[in-house]
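Structure at a glance
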Amino acid sequence: MQTRAAVLREMAPPRPYSDSQPLRIETFDLAAPQAGEVLVKVHAAGLCHSDLSTIDGNRPRPVPMVLGHEAAGEIVEVGPNVRDFAVGDHVVCSFVPSCGHCDYCADGRAALCTPGAAANNAGTLLDGGFRLSDKGEDVYHHLGISGFAEHAVIRTESLVKIDPTLDYEIAAVFGCAVLTGVGAMVHTAGLRLGQTVLVVGLGGVGLSAVLGAIAGGAAQVIAADIDDEKLERARELGATATVNTKDDKALEKVKDLTGGGVDVAAEFAGVQPALEFAFAATGKGGKTVTAGLPHPDVRLPVSPTQLVAQERTLMGSYLGGHVPKLDIPEYIALYQAGRLPVDKLLTHRLSLDDINVGFERLAAGQAIRQVVLF
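Let us look at the structure shown here. (Residues numbered from 1 in each chain as written. Predicted model: local features only at pLDDT ≥ 70, side-chain atom pairs only at ≥ 80, totals over all residues. Heavy atoms only, no water.)

Re the nonpolar core
One finds F174 and V342 to be the most contacted residues of the largest nonpolar core, which totals 63 residues. Listed by contribution, the elements that provide at least two residues to this core are helix 5 (168–188), strand 11 (196–200), helix 6 (204–215), strand 12 (220–225), helix 7 (228–237), strand 14 (262–267) and helix 11 (324–336). For this core, the element with the most residues is helix 5, which contributes 13 residues. If you look at the next biggest cluster of nonpolar residues, it comprises 30 residues, including A6, Y17, I75 and L362. (Core = buried A, V, L, I, M, F, W, Y, C linked by side-chain atoms within 4.5 Å. Buried < 20%, exposed > 50% of the residue type's maximum accessible area, 1.4 Å probe, protein only. Helix = DSSP H or I, 4+ residues; strand = E, 2+ residues; numbered from the N terminus.)

Brief notes about the packing of helix 5 against helix 11
A pair of packed helices can be characterised by two numbers: the angle between their axes and the separation between those axes. The geometry of helix 5 relative to helix 11 is characterised by a closest axis approach of 10 Å and an angle of 100° between their N-to-C directions. Considered as vectors, helix 5 and helix 11 are oriented roughly perpendicular to each other. Residues I170, F174, G175, V178, L179, V182, G183, V186 and H187 of helix 5 touch helix 11, and the partners they reach there are P324, D327, I328, Y331, I332 and Y335. Of the residues assigned to the contact of helix 5 with helix 11, the class counts are 11 nonpolar, three polar and one charged. (Axes fitted to C-alpha atoms, helices over the stretch in contact; angles between N-to-C directions. Parallel < 35°, antiparallel > 145°, perpendicular 65-115°, else oblique. Contact = heavy atoms within 4.5 Å. Nonpolar A, V, L, I, M, F, W, Y, C, P; charged D, E, K, R; others polar.)

Let's talk about helix 4 (residues 114–122)
Burial in helix 4 covers these residues: G116, A119 and N120. Seen along its axis, helix 4 keeps its buried residues to an arc of 100°; they face one direction. Remark: G123 follows helix 4 within two positions and exhibits a positive phi of approximately 75°. (Arc of directions from axis to C-beta.)

Some details on the state of the cysteines
On inspection of all chains with the given rule, the structure shows zero disulfides. No disulfide involves C105; its nearest neighbouring cysteine sulfur is the one of C102, lying 3.7 Å away. Assessed through its relative accessible area of 15%, C105 is described here as buried. (Disulfide = S-S within 2.5 Å.)

Some words on the side chain of K41
With respect to the element layout, K41 can be found in strand 3 (residues 37–47). No salt bridge is formed by the buried K41; its nearest oppositely charged neighbour, E150, is found at 6.6 Å. Sequence-distant contacts of K41, defined by excluding residues within four places in its chain, comprise G73, E74, V76, E150, H151 and F374. (Lys, Arg positive; Asp, Glu negative; His and termini not counted. Salt bridge = Lys/Arg side-chain N within 4 Å of Asp/Glu carboxyl O.)

Structural notes on the pairing of strand 13 (residues 241–244)
Residue alternation in strand 13 divides its side chains into two sets, A241 and V243 and T242 and N244, and both sets are buried. Relative to strand 13, strand 12 is paired through four bridges, and the arrangement is parallel. Its bridge partner being in strand 13, A224 is matched across the sheet by V243. For the handedness criterion, the β-α-β arrangement of strand 12, helix 7 and strand 13 is classed as right-handed. (Pairing = 2+ DSSP bridges. Right-handed = clockwise from strand over helix to strand, strands pointing away.)

As C-alpha cells, this is what we get:
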C-alpha cells in the first residue's frame, strides 16, 4: 500500500521552519507487515524535542527518514506469528523496541535493550529491515515508529495495547512525554514521599515530571524555566514555587526555599546551562537526573569532590527507566482516576500539512505538547 508521511531529507535547515519546510509531506510505498509486525492506522502523533533534535542536527540520524515516535493508533492488519495483538486493538508506541531477551531486558531495563538501540541508531525496525520505500529506495524509520504518517508498519515489541475508550490525542503523549517525565521522578530518581523536587525545562516532558512529582507525594515541587508563560503553566498544574533561571538569584531562591538544596533535581531542557543549574541546586545526599539530549559533543564540568563529600548522585534517565508494556497502562489508569491530568499538557492540534508550523512553534518555545491528528 501507500501512505502519506512527513519525511526529513536534510538536517539543520534554516529557521523559521514554517518557511524552510524541513519536513516534506510525500507519499511512500509501505510493505505489508512481516512476522511479528502489525499495520497501524495512526490517529495521533505528538511533536517532541527528540524529533526537533533530529531536524536541527543535534541528534544526527540517517536520512531520508520519516520522523515521529510519540504516536497512538489502531491495528488494521497483523503479520504472521503475532499472538498478543489483533485487528481493532488500540495501541501506544514505545520509542525503544524491547527485544525481551537481551541481558538488559531480562534485568527489567527495557530502555537499554541492546538490539533495540542498534536498530534505532541504524534507522531500521528491530529485525534490521525497512518497510518504507520511495521508488525502490529504502526510507529510514525513526526509533522504530515513524509516526508522522497515516499508516505505519511496527514491530509488536514497540507497541503497548491500551484501553480503547482513551482518546488517541491523549494516548499518544503516554508513549514519550509522560513515560519520560514521570519515570525520571518515580523510577530513575526513586522519589520518596515528602522529598523536595526541582524540575528544570518545562516542555511536555518537564511538565509531565511536575505532574509525576505531585502524584508521587513530593512536599515541594519547584519549576524552573526561562519562559514566564511556562512557569505560569507549571503553577496551574500544581507546582508549589517557580523560578526564572535568567534571574541572577534563581539558585539562591531554590536553596532558600529548600534549606540548602533539593532532594531531587531533574533537567529536561537539553542544554548544558540547565543541567548545570539543576546540579548546583541539588542538596547534600541528593540526586540530579537528566533526560535532556543535547548534541553528543556537549560536556558537563562536575566536581568529584561534591559527588564524594556530599554523597550526591548524577543520573541519566532514558524512557523513564520503564518497561512500557507494564508501566504505560498503569499511568493511563492514574490519568483516568484524575491523578495524572496529562490532558492539560496539550496546547495545539495540527494537521499533517501544518507540521512545520508546529515545529517552528516548538523551536521558539511557544508550545507544550502539540499533536498531529489524522
